[in-house]
Amino acid sequence: MSEDAVRLIPADEGSWRLEAYLRRGGYEAARKAVTSMAPADVITEVRKAGLRGRGGAGFPAGLKWSFVPQGGAGPKYLCVNADEGEPGTFKDRAILVRNPHQLIEGMTIAAFGVGIRKAFIYVRGEYGRIAGRLREAIAEAEDEGFLGGGIFGSGFDLEVIVHLGAGAYICGEETALLESIEGRRGQPRLKPPFPAVVGLFRAPTAINNVETLANVPLIIGRGADWFLGRGLPKDGGTRLFGVSGAVRRPGLYELPMGTQLRTIIETHAGGPPEGVAIKAVIPGGLSAPALRPDELDVTMDFDALARAGSMLGSAGIIVIGDKIPILDVLKVMARFYAHESCGQCTPCRIGTSWIHKTVTRIGEGQGRASDLDHILRLADGMKGRTLCPMGDAAALPVQALVTKFRDELEKAVAR
Amino acid sequence: MSCSPSAAAVKKIDGIIAPYPEKSAALLPVLRVVQDELGCVPPEAETWVAAKLGIQPIRIREVLSFYTMFRRRPAGKTIIQVCRNLSCTLAGAEDIIGFLKERLHVGPDGTTPDGRITLVTVECLGHCDHSPCLQIDGIDHGPVTRDGVAALLEELRAHE
């Protein structure tokens with residue numbers, strides 16, 4: 001068996017085609033689940049494997065599925081979150097481009113386990129071309145009886161619909177994603193009720209990230225113990241680490257959960273180019289609080305990064321070199337969150353906008369001595385005061401930059 | 001410009017609506033078909049889509065004004081979207097944007113006077129390992145340089 005068979009991003013020629021996926025042993029796990037396992041056992045196996053959500057929050061996937069009520073006469077839905085919008089993140093794109101069938105197989109297994117017959121894949125609008133390849137893969141799977149009616153000759157059916165977004169970061173938040181599939185503005189819903197109970201079209205709904213679901217065939221095919229062996233005892237499997245910014249070899253690196261951040265940057269991505277030193281590293285997409293160069297000896301897993309005051313998030317690592325003023329980083333961050341706030345909750349709408357205005361003014365050389373404290377106060381006012389996690393996602397990285405690079409920013413303010 | 005979709009587009013729209021449990025849920029993909037055909041979603045098309053999906057016209061306007069990829073006014077024949085989020089900024093996105101502004105004589109969200117090209121700056125395109133990156137009519141390019149961008153503009157002109 002080649003190593004490609006257990007990789008989320010295989011390297012074989014034409015890896016996205018069904019015939020290539022079948023050569024790698026594709027759809028054997030779905031066949032096993034659908035023809036020989038009880039649905040509850042599928043969920044149990046995924047729970048045992050310690051598969052945590054790869055979208056950002058790291059919630060255990062099997063546990064999430066177990067919250068969806070069993071049985072019942074009404075419909076239930078599976079929604080795949082392919083609204084990859086967290087800046088610095090390009091992993092789900094790679095799965096959709098190189099390995100769409102593994103996502104489809106993971107969806108089939110998840111749907112079988114939870115008792116779902118209809119699934120939506122929400123793909124961000126900017127990935128329109130990529131969605132074309134996904135649709136081809138779905139058609140291939142339907143032709144072979146891996147999707148559609150009576151899968152593997154059983155009584156289990158699954159219909160899959162690709163739904164394209166239209167440009168809105170917030171739709172990656174799971175309840176905003178549901179609103180968007182229902183044809184409305186992507187404004188998050190108040191929780192509870194959680195989507196597992198009241199979700200898409202008011203029906204029980206499981207929502208999972210692309211990378212999360214692409215791991216499921218590996219767990220069912222090779223077992224929870226094998227999967228745990230590829231990662232950490234409570235955080236199984238590999239992770240797709242994306243590295244961009246000031247490194248010699250930007251790219252996507254599939255490595256065991258818990259790999260050292262410094263190893264990923266220095267060994268895999270080749271470290272910073274000649275003459276550049278690292279000033280800061282954002283470890284998990286733009287919303288993850290930045291780390292200083294002396295904080296890079298941390299393992300890349302959900303718990304370790306939380307202890308380090310940051311988060312693993314989407315595992316999109318952005319390396320910032322010493323030639324870049326931190327104010328430039330802050331400007332991009334402030335503009336992004338002000339642009340992407342959906343406008344529903346006042347603290348986020350007003351807070352992101354005022355932070356943006358203040359940072360812009362500093363950039364124009366009109367900084368005031370009170371500005372940095374003002375930004376910290378505005379960020380504090382957003383934390384924990386919004387319907388969705390975006391308030392925190394916008395506040396925490398701004399606070400980290402202002403706190404950790406205060407000296408440099410003070411000089412920019414005084415300029 | 002006609003403001004109702006063609007027969008072919010209507011057929012496509014009917015196909016899109018069919019699998020949704022509620023017709024109105026097909027709003028985003030339907031608007032995309034309309035925009036692909038008409039170049040934007042003008043007010044008359046809003047009315048048409050509302051009737052087609054059985055919802056109030058205000059629902060269409062709400063959605064159009066929320067999502068950045070929808071346009072209520074015509075844009076250029078070609079749309080160049082340049083990413084300016086962090087990874088691309090670190091790799092020189094502002095220089096690329098400046099170069100495009102200079103070459104096309106337009107600001108961000110501006111269209112060249114001949115109606116050929118609209119320049120848009122966007123947040124992360126999810127192509128950060130190829131930064132600085134941009135999309136021309138949905139096709140990704142990156143990492144791009146000034147010379148590379150100049151070549152892409154030449155190619156666009158040659159294809160006309």
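Predicted, not measured: the structure shown is a model, and the values here were computed from it.

## Side note on the overall build of chain B
Across its full length, chain B carries seven helices and five strands. Counting from the amino terminus, helix and strand elements in chain B follow one another as α-α-α-α-β-α-α-β-β-β-β-α. Judged by the C-alpha coordinates and their principal axes, chain B covers about 50 × 30 × 25 Å. For chain B, with 160 residues in total, the buried portion stands at 39%. Here the analysis covers contacts within chain B between residues at least 6 apart in sequence; of these, 54% occur between residues at least 24 apart.

## A few points about the confidence of the model for chain B
Model confidence for chain B is summarised by a mean pLDDT of 95, while 98% of its residues fall at 70 or above. Predicted complex, confidence summary: ipTM 0.96, pTM 0.97.

## Things to note about the interface of chain A and chain B
Across the boundary between the two partners, chain A contributes 47 residues, which contact 33 residues of chain B. At six residues, the largest contribution of residues to the side of chain A that touches chain B is made by helix H13 (residues 326–340) of chain A. Split by residue class, the side of chain A that touches chain B holds 20 nonpolar, 17 polar and ten charged.

## A short note on the packing of helix H2 (residues 28–36) of chain A against helix H9 (residues 210–222) of chain A
For any two helices packed against each other, one specifies the crossing angle of their axes together with the interaxial distance. All names here are of chain A. Interaxial distance between H2 and H9 falls to 8 Å at its minimum, and their mutual angle equals 65 degrees. In this structure, H2 meets H9 at a crossing whose hand is left-handed. In this structure, H2 contributes Glu28, Ala29, Ala30, Lys32 and Ala33 to the contact, and H9 contributes Pro217, Ile220 and Gly221. Residue composition of the contact of H2 with H9, by class: five nonpolar, one polar and two charged.

## Some remarks on the packing of helix H3 (residues 39–48) of chain A against helix H6 (residues 100–114) of chain A
Residues and elements named next belong to chain A. At a minimum axis separation of 7 Å, H3 and H6 run at an interaxial angle of 120 degrees. One element, H3, and the other, H6, form an angle in the oblique class. Relative to H6, H3 is oriented so that their crossing is left-handed. Together, Pro39, Val42 and Ile43 of H3 and Ile109, Phe112 and Gly113 of H6 make up the contact between the two elements. Of the residues in the contact of H3 with H6, the class split is five nonpolar, one polar and no charged.

## Quick word on the sheet that holds strand S8 (residues 316–321) of chain A
Residue and element names in this part refer to chain A. One open sheet holds the four strands; their spatial order is S6-S5-S8-S7, and the pairing between them is mixed. Every interior strand has two partners, whereas the edge strands, strand S6 (251–256) and strand S7 (278–282), have only one. For this sheet the average axis-to-axis angle between neighbouring strands, irrespective of direction, equals 25 degrees. Here strand S5 (residues 238–245) pairs with S6 via six bridges, running antiparallel. When the bridges of S6 are listed, glycine 242 appears paired with leucine 252.

## Let's talk about the pairing of S8(A)
Residue and element names in this part refer to chain A. With respect to burial, S8 is a largely interior element, five of its six residues being buried. Alignment of S5 against S8, held across four bridges, turns out to be parallel. Bridge pairing in S8 links glycine 245 to valine 319. Relative to S8, S7 runs antiparallel, the two sharing four bridges. Opposite isoleucine 278, over in S8, you have glycine 321 as the bridge partner.

## Notes on the sheet that holds strand S2 (residues 118–123) of chain A
Residues and elements named next belong to chain A. Taken together, the four strands give an open sheet; going across it, the order is S3-S2-S1-S4, and neighbouring strands pair in parallel fashion. In the strand order of this sheet, the two ends are held by strand S3 (159–164) and strand S4 (205–209), each with one partner. Between one strand and the next, the sheet's axes are offset by a mean angle of 20 degrees, whatever the strand orientation. In this structure, strand S1 (residues 77–82) lies alongside S4, joined through five bridges in parallel fashion. Across the sheet, asparagine 81 pairs through a bridge with asparagine 209, a residue of S4.

## Remarks on the nonpolar core
Within the largest apolar cluster, 180 residues are counted, with the highest numbers of intra-cluster contacts made by A:Leu78, A:Cys79, A:Val80, A:Ala119, A:Val281 and A:Val398. For this core, the two domains that each supply at least three residues are domain 1 (7–66) and domain 2 (78–159) of chain B.

## A word on the environment of A:Asp380
All names here are of chain A. You can see aspartate 380 is positioned in helix H15 (residues 371–382). Judged by C-beta crowding, with 14 C-beta atoms within 10 Å, aspartate 380 ranks as partly exposed. Through-space distance from the C-alpha of aspartate 380 to that of glutamine 399 is 8.5 Å; in sequence the pair is 19 residues apart.

## Some thoughts on the pairing of strand S1 (residues 78–83) of chain B
A regular strand places its side chains on the two faces of the sheet in alternate fashion. Residues and elements named next belong to chain B. Pairing between S1 and strand S3 (residues 117–122): six bridges, direction parallel. Paired with cysteine 83 across the two strands is valine 122, which belongs to S3. By the bridge criterion, three bridges tie S1 to strand S4 (residues 134–136) in an arrangement that is antiparallel. Its bridge partner lying in S4, glutamine 81 is registered against glutamine 135.

## Quick notes on helix H7 (residues 128–143) of chain A
All names here are of chain A. Compared with an ideal rise of 1.5 Å per residue, which puts 16 residues at 22 Å, H7 spans 23 Å between its outermost C-alpha atoms and is within 8% of the ideal. Residues of H7 that are buried include every one of Ile130, Ala131, Leu134, Ala137, Ile138 and Ala141, and no others. For H7, the angular spread of the buried residues around the axis is 110 degrees, confining them to a single face. Seen from the buried face of H7, the exposed residues on the opposite side, beyond 90 degrees, are Gly132, Ala139 and Asp143. The secondary structure elements touched by the buried residues of H7 are helix H1 (18–23), helix H5 (91–98), H6, S2 and S3.

The rules behind these values
- Here the residue index of a chain counts from 1 through its sequence in written order.
- Each chain is given a letter, starting from A, and each ligand a number, starting from 1, according to the order in which they appear as written.
- Two thresholds apply to this predicted model, a pLDDT of at least 70 for residue-level local features and 80 or more for giving and counting side-chain atom pairs, whereas whole-chain, interface and lining totals are computed over all residues.
- Here a helix means four or more residues in a row that DSSP labels H or I, a strand means two or more in a row labelled E, and each is numbered from the N terminus.
- Any residue whose C-beta has 12 or fewer other C-beta atoms within 10 Å is treated as exposed, any with 20 or more as buried, and any in between as partly exposed, C-beta atoms being built from the backbone.
- By the convention adopted here, residues are in contact when the distance between their C-beta atoms, placed from the backbone, does not exceed 7 Å.
- Note: pLDDT gives the predictor's confidence per residue, expressed from 0 to 100.
- When residues are grouped by polarity, Ala, Val, Leu, Ile, Met, Phe, Trp, Tyr, Cys and Pro land in nonpolar, Asp, Glu, Lys and Arg in charged, and all others, Gly among them, in polar.
- Axis angles are defined between N-to-C directions and span 0 to 180 degrees, where every axis is a line fitted to C-alpha atoms and, for a helix, only to the segment in contact.
- Whether a crossing is left-handed or right-handed is set by the direction in which the near helix is turned from the far one by less than a right angle, anticlockwise for left-handed and clockwise for right-handed.
- The scheme is simple: roughly parallel for angles under 35 degrees, roughly antiparallel for over 145, roughly perpendicular for 65 to 115, oblique for anything else.
- At least two bridges found by DSSP between two strands are what make those strands a pair.
- We define the nonpolar core as any set of buried residues of the types Ala, Val, Leu, Ile, Met, Phe, Trp, Tyr and Cys, connected via C-beta atoms lying within 7 Å of each other.
- In this entry, domain limits derive from an automatic or database-based domain assignment.
- Expected span of a helix, by definition, is 1.5 Å for each gap between consecutive residues, and there is one gap fewer than residues.
- Our arc is simply the arc of the directions from the helix axis toward the C-beta atoms.

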